[in-house]
Amino acid sequence: MVFSKRKMKQFLAFGVMIVLVVCLYKSWGSPTNGVSHYGVAYEDGDDSVVGAGDNTAIADQANRRGPGPSHERLVLSVSNRHGLKEHNTIDGDGEVDHNDAVNAGGPSAIDDVDRVLKQSKHVPMRKGSLVSGMQKPRIQPLPDTFGLDDPEREARLDELHEAKRQILELERKIQELEGRIPRKYPDVTFLNYKNRKRILITGGAGFVGSHLVDYLMMQGHEVIVADNFFTGRKRNVEHWLGHENFELIHHDIVNPLFIEVDEIYHLASPASPPHYMYNPVKTIKTNTLGTINVLGLAKRVGAKVLIASTSEVYGDPDVHPQPETYWGHVNPIGPRACYDEGKRVSETLSYAYAKQEKVNVRVARIFNTYGPRMHMNDGRVVSNFIIQALQNQSITIYGSGRQTRSFQYVSDLVDGLVSLMASNYTQPVNLGNPVERTIQDFAEIIRDLVGCKSQIIELPAVEDDPQRRKPDISRAKKNINWEPRVPLQEGLLKTINYFRKELARSNHSQRNIFVPETTEFRSLL
C-alpha cells in the first residue's frame, strides 16, 4: 500500500512537471527574469507588454514579490533511469535550473512531492505567473530601450540603413530599366523624306491643338508643339512624348521662335471667355505680337501658315447666318474686345504679310467646338452643362436660354483645318456646324444623355453675349470639300464619357488619356 502511494505521488509529480514544461513552451521558450526574448513579459495584475531589457518592469515585479524566497519556486525531484535524482527548479518568473547527479543522501522523492503539493495547495498562482501565462499575450513593438552607445543597437541601425540604401538603389535601377523599354505609341503611317513634313503647332497642348497633333502624327509627319501651358496641358500630348517624330517646346509665342519648319498652325490663344478675360492685355499680345512672330518665321523659312481665327470676329451679328463676307458687329471696348479685336488684327496682319512679304497664308474662322480634353473650368456651354449634370447640380443658363449656337465635334474641326491647309484657297473660311440650336434645347439634350434630374435655372445675361450664331459654310463645301459629319449625340456621348472619367480621378496616377482614333478608323468613318 505504501508502495502504491509512493508510485502515485511520483506519477503526480511527473505530471505536474509535464504541465510546467508545456507552460514554458507556451511562454516562447527559455524566458529569463520574466521577460521573453521576443519582447513579451507577464506582469502581476497587468496584461501590458514590456521590451527585453526593461529593468523598470523587472524591478517592480521583484518589489511586489517582497523579500525572502519566492513562493512560486517549485522543486521537482524525479529519479532518472540510472537511479539518480535530477532536481528541476522552476521559479514563478519563468527561470529554470537543472542540477544533475545528486547523491542518494539528498531529499527523498516523497519529501519532494510533499513539498510540491503543499506549495501548490497553500500558495495560489498569481495572475501573470507561468501557468496563467498560458493566455495569449498582447504583442507590441519593442520600445527603444537601448542607449545610443549600445554596440548591438548601433549594429542594427547600420544594417537598417544599409538595407534602405540597397532598396533605393534597386528602385533606381528598375526605373532606369523601365526607361529603356520602348514605349507603345498609337500606330502611325510611315512617310519617306519626300512626303514627310516638319509642322509647327503653336498652342499644340491645348484642346484643339492636341487633337490636331494626333491627326498629323498618325499621318506620319514630324510635329513640333510650342506652348506656354497657360491653358494647354502636357498630359494632352503625353502619349506622344518620346516619339521620334514628336517634339514639345515650352515657349511663349509672344517671343520670337527660330526653327526650321514646312507648315505652321497658329492656334496659340486662350479661347474661352474666363481665360481670355483673365489677362486681356496678354490675350491681345498673343494675337498681335504672337501672330507677327509666326508670320515672320513663315517668311524667313518659306513655310505655309494657317491662322486660327474665330467666329467672334462677327461679334453680335446683324446678318444670319454669317458668311465670310460679313464684316461683323463688334464692341471695340467691351469685355470680349481683347479677344474679338485681337483676332481681327491677327487676320489683318496675315493678309498684310501675304501682300507685302508673299507669305502663303490660310485663315480659318472657327465656330463653337466641343469634345474630349476640354478644360473642366473653361466656362464654355458644353463643359459647364456636362459637369453640372454629372454632379447632379442645377444647370445654369445665362439669359433667357433663347440664344442660339451651332456646335461641331473637334474631329470635324481638325479635318477642316487640315483640308484648308492643303488647299490653294487663301480667303477666310468658316469652319462650324450649320445646325442651330437654342441654349435651352442644348441643356435639355445633355441632361437627358447624362440621365440626371438637374433643374435648369436662368441667371442674368452676360455683357455682349451674341444672341445668334450660325455659320454659312458654302465656301468650305465648295473650295475645300468640307462639312461636319459627327452627329451631335455621338459627339456628346464621347465628351460626357471623358468628363465622367475626369471627375472619377482621385490621384495623379489615375490617367485619363483620350486615345486618338487610328487613320484606318477615320478612313472608314
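Quick summary incoming for the structure in this document. Bear in mind that the values here come from a model prediction, so they are computed numbers and not experimental data. (Residues numbered from 1 in each chain as written. Predicted model: local features only at pLDDT ≥ 70, side-chain atom pairs only at ≥ 80, totals over all residues. Heavy atoms only, no water.)

### Comments concerning the environment of A422
Stage number 1. Following the sequence through the fold, A422 ends up in helix α10 (residues 410–422).
Stage number 2. Spatially, the C-alpha atoms of A422 and R362 are 9.6 Å apart, while their sequence positions differ by 60 residues. (Helix = DSSP H or I, 4+ residues; strand = E, 2+ residues; numbered from the N terminus.)

### A look at helix α8 (residues 337–357)
Stage number 1. Given a rise of 1.5 Å per residue, 21 residues ought to cover 30 Å, and the 28 Å separating the end C-alpha atoms of α8 matches this to within 8%.
Stage number 2. The set of residues buried in α8 consists of A337, C338, Y339, D340, G342, K343, S346, E347, L349, S350, Y351 and Y353.
Stage number 3. Lining the buried residues of α8 we find α6 (273–278), α7 (280–301), β8 (304–310) and β9 (361–366).
Stage number 4. Backbone geometry just downstream of α8 places K358 in the positive-phi region, at approximately 60 degrees. (Expected span 1.5 Å × (residues − 1). Buried < 20%, exposed > 50% of the residue type's maximum accessible area, 1.4 Å probe, protein only. Contact = heavy atoms within 4.5 Å.)

### A word on the packing of α7 against α8
Stage number 1. Following both chains from N to C, one finds α7 and α8 inclined at 15 degrees, their axes separated by 9 Å at the closest point. One finds that α7 runs roughly parallel with respect to α8. Here α7 and α8 pass one another in a crossing that is right-handed. Residues P280, T283, I284, N287, T288, T291, I292, L295, G296 and K299 of α7 pack against C338, Y339, G342, K343, V345, S346, L349, S350, Y353 and E357 of α8.
Stage number 2. Along the lines of polarity and charge, the residues of the contact of α7 with α8 split into nine nonpolar, eight polar and three charged. (Axes fitted to C-alpha atoms, helices over the stretch in contact; angles between N-to-C directions. Parallel < 35°, antiparallel > 145°, perpendicular 65-115°, else oblique. Left-handed = near helix turned anticlockwise from the far one by under 90°. Nonpolar A, V, L, I, M, F, W, Y, C, P; charged D, E, K, R; others polar.)

### Quick word on the packing of aromatic side chains
Stage number 1. Scanning the model with the defined rule gives eight aromatic pairs in all.
Stage number 2. On the numbers, 6.5 Å between centres and 40 degrees between planes, the contact of F385 with F442 is tilted. Placement of F385 in helix α9 (residues 381–390) and of F442 in helix α11 (residues 439–450) is noted, with a sequence separation of 57 residues between them. Accessibility classification places F385 together with F442 in one group, the buried group.
Stage number 3. Between Y498 and F499, the ring centres sit 5.7 Å apart and the planes meet at 75 degrees, which makes this aromatic pair edge-to-face. We note that Y498, like F499, is buried.
Stage number 4. A connected cluster of aromatic rings, assembled from ring pairs, spans Y314, Y326 and F367. (Phe/Tyr/Trp six-rings, centres within 6.5 Å; stacked < 30°, edge-to-face > 60°.)

### Overview of the pattern of salt bridges
Pairing between side chains of opposite charge can happen when the charged atoms of each approach one another.
Stage number 1. Applying the stated rule across the entire model yields 23 salt bridges.
Stage number 2. Ionic pairing is found between E324 and R475, a salt bridge with its closest N-O pair at 4.0 Å. Here E324 is found in the loop between β8 and α8, whereas its partner R475 is found in helix α12 (residues 474–479), with 151 residues between them in sequence.
Stage number 3. Taking the relative accessible area as the measure of exposure, E324 reaches 10% and is therefore buried.
Stage number 4. For R505, the salt bridge is made with E502, and the minimal N-O distance between the two is 4.0 Å. (Salt bridge = Lys/Arg side-chain N within 4 Å of Asp/Glu carboxyl O.)

### Concerning the sheet that holds β8
Stage number 1. Strand order in the open sheet made by the seven strands is β6-β5-β4-β7-β8-β9-β14, with parallel pairing throughout. Where the open sheet ends on each side, the last strands, each with one partner, are β6 (246–250) and β14 (429–431). Strand-to-strand twist across the sheet, computed as the mean angle between neighbouring axes with direction ignored, equals 20 degrees.
Stage number 2. The sheet contact formed by strand β4 (residues 198–202) and strand β5 (residues 222–227) spans five bridges and is parallel. Bridge pairing in β5 places I201 opposite V225.
Stage number 3. Strand contacts of α7: β4, β7 (263–266), β8 and β9, with the helix running at about 175 degrees to β7, the strand carrying the most contacts. (Pairing = 2+ DSSP bridges.)

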